[in-house]
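As a plain string of letters, each chain reads:
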Amino acid sequence: QVQLVESGGGLVQAGGSLRLSCAASGVAFSNWAMGWFRQAPGKEREFVAAVSWSGTRASYPDSVKGRFTISRDNAKKMVFLQMNSLKPEDTAVYYCTLKFGGAIVTAGGQYDYWGRGTQVTVSA
């Protein structure tokens, strides 16, 4: 059974940085894309980043482009989200996701597995 476990969340001041990690286990197949989504209280789930199997292609929404960077280590079955210049509006629970097949997608419904999330809180 595939499991995704996020870590690295916490409380940070505006302008600060955090690095989220996600460890995948139980993945028997190769060639899977990974992504990050977030959801703030009272708001819709939002796409944050996605990376292809090779790690050479990534996608971000305008809200985080230039501040967030997604990367992966296939040997360790891990994906990372480096978040810089954090803003209070980045406060949310961040979820790691996995999709079989290496193409990047931005719709949450197309991902096959989800982690339980890690809280990120950015104070003003």
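Read on for an overview of the structure.

Cut-off values and rules
- Within any chain, residue numbers begin from 1 and follow the written order of that chain's sequence.
- In keeping with the model being predicted, local features are shown solely for residues with a pLDDT of at least 70 and side-chain atom pairs are shown and tallied solely at 80 or more, while totals for entire chains, interfaces and linings include all residues.
- Neither water nor hydrogens contribute to the side-chain values; these are computed over all heavy atoms in the structure.
- Elements are defined by DSSP. Helices are runs of H or I of four residues or more, strands are runs of E of two residues or more, and each kind is numbered from the N terminus.
- Both definitions apply: the radius of gyration is a C-alpha atom measure, and the globule rule equals 2.2 Å times residues to the power 0.38.
- Contacts are residue-level and defined by heavy atoms, with any inter-residue pair within 4.5 Å sufficient.
- Each accessible area is a Shrake-Rupley estimate made with a 1.4 Å probe; only the visible protein chains count as cover when residues are assessed.
- Charged residues are defined narrowly, with Lys and Arg counted positive, Asp and Glu counted negative, and His plus the chain ends left uncounted.
- Throughout, a charge is located at the NZ atom of Lys, the CZ atom of Arg, the CG atom of Asp or the CD atom of Glu.
- Each residue is assigned to one of three classes by its accessible area relative to the maximum for its type, calculated with a 1.4 Å probe on protein chains only: buried under 20%, partly exposed between the two thresholds, exposed over 50%.
- Throughout, a disulfide means two cysteine sulfur atoms within 2.5 Å of one another.
- The pairing criterion for strands is at least two bridges between them, as found by DSSP.
- A fitted line through C-alpha atoms represents every axis, and for helices the fit uses only the stretch in contact; the resulting angles, taken between N-to-C directions, go from 0 to 180 degrees.
- Here a polar contact is taken to be a pair of N or O atoms separated by no more than 3.5 Å, where protein atoms must pair a possible hydrogen donor with a possible acceptor and residues adjacent in sequence count only if both atoms sit in side chains.
- As used here, the term nonpolar core means buried Ala, Val, Leu, Ile, Met, Phe, Trp, Tyr and Cys residues forming a set that is joined through side-chain atoms within 4.5 Å.
- Any Lys or Arg side-chain nitrogen located within 4 Å of an Asp or Glu carboxyl oxygen qualifies as a salt bridge.

### A short note on the overall build of the protein
Scanning the protein from N- to C-terminus turns up zero helices and 11 strands. Shown N-terminal to C-terminal, the secondary structure of the protein runs as helices and strands in the order β-β-β-β-β-β-β-β-β-β-β. Rg of the C-alpha trace for the protein: 13 Å, near the compact-globule value of 14 Å for 124 residues, within the 12% margin. Seen through its principal axes, the protein has C-alpha atoms that stretch 45 × 25 × 25 Å. Nonlocal contacts in the protein, meaning residues at least 24 apart in sequence, comprise 60% of its contacts between residues at least 6 apart. In the form shown here, the protein has an accessible surface area of approximately 6300 Å², with 48% of it arising from carbon and sulfur atoms. Distance between charge centres in the protein, computed from 13 positive and 8 negative side chains, equals 5 Å.

### Thoughts on unusual backbone geometry
Backbone geometry at Lys77 places phi at a positive 55°, although glycine is not the residue there. Within the secondary structure, Lys77 sits in the loop between β7 (68–73) and β8 (78–83). Residue Lys77 is classed as partly exposed on the basis of its relative accessible area of 31%. A positive phi angle, close to 50°, is found at Ser85, a residue other than glycine. Among the secondary structure elements, Ser85 is positioned in the loop between β8 and β9 (92–100). Accessibility expressed as a relative area gives 41% for Ser85, which makes it partly exposed.

### Concerning the state of the cysteines
Applying the stated rule across the entire model yields one disulfide. Paired through a disulfide, Cys22 and Cys96 show a sulfur-sulfur distance of 2.1 Å. Since a negative S-S torsion denotes a left-handed disulfide, the Cys22-Cys96 link at about -80° is left-handed. A residue pair is termed long-range when its members are at least 10 positions apart, and Cys22 in strand β3 (residues 18–25) and Cys96 in strand β9 qualify at 74 residues. Given the relative accessible area of 0%, Cys22 is considered buried.

### Focus: the sheet that holds β7
In spatial order, the strands read β1-β3-β8-β7; together these four strands make up an open sheet with antiparallel pairing. The sheet is open, and its two edges are formed by β1 (3–7) and β7, each paired on a single side. Direction aside, neighbouring strands of the sheet carry axes that sit 15° apart on average. Pairing of β3 with β8 involves six bridges; the strand directions are antiparallel. Its bridge partner lying in β8, Ala23 is registered against Met78.

### Topic: the side chain of Arg38
Along the chain, Arg38 falls in strand β4 (residues 32–39). On the accessibility criterion, Arg38 (6% relative accessible area) is buried. Within the local environment of Arg38, its side chain forms a polar contact with the side chain of Asp90, the two groups lying 2.9 Å apart. Once residues lying within four places of it in the same chain are set aside, the contact partners of Arg38 are Glu44, Arg45, Glu46, Val48, Ser63, Val64, Phe68, Glu89, Asp90, Ala92, Val93 and Tyr94.

### Considerations on the nonpolar core
Most often, soluble globular proteins have nonpolar side chains that are buried together. Counting 29 residues, the largest nonpolar core has Met34, Trp36, Leu81, Met83 and Tyr94 as the members making the most contacts within it. Mapped onto this core, the elements with two or more residues apiece are β3, β4, β5 (46–51), β7, β8, β9 and β11 (118–123). One finds Phe37, Phe47, Ala50 and Tyr111 within the second-largest nonpolar core, a separate group that totals five residues.

### Focus on the pattern of salt bridges
The final tally for this structure, using the stated rule, is four salt bridges. Among the ionic pairs, Glu46 bridges to Arg38, the shortest N-O distance being 2.8 Å.

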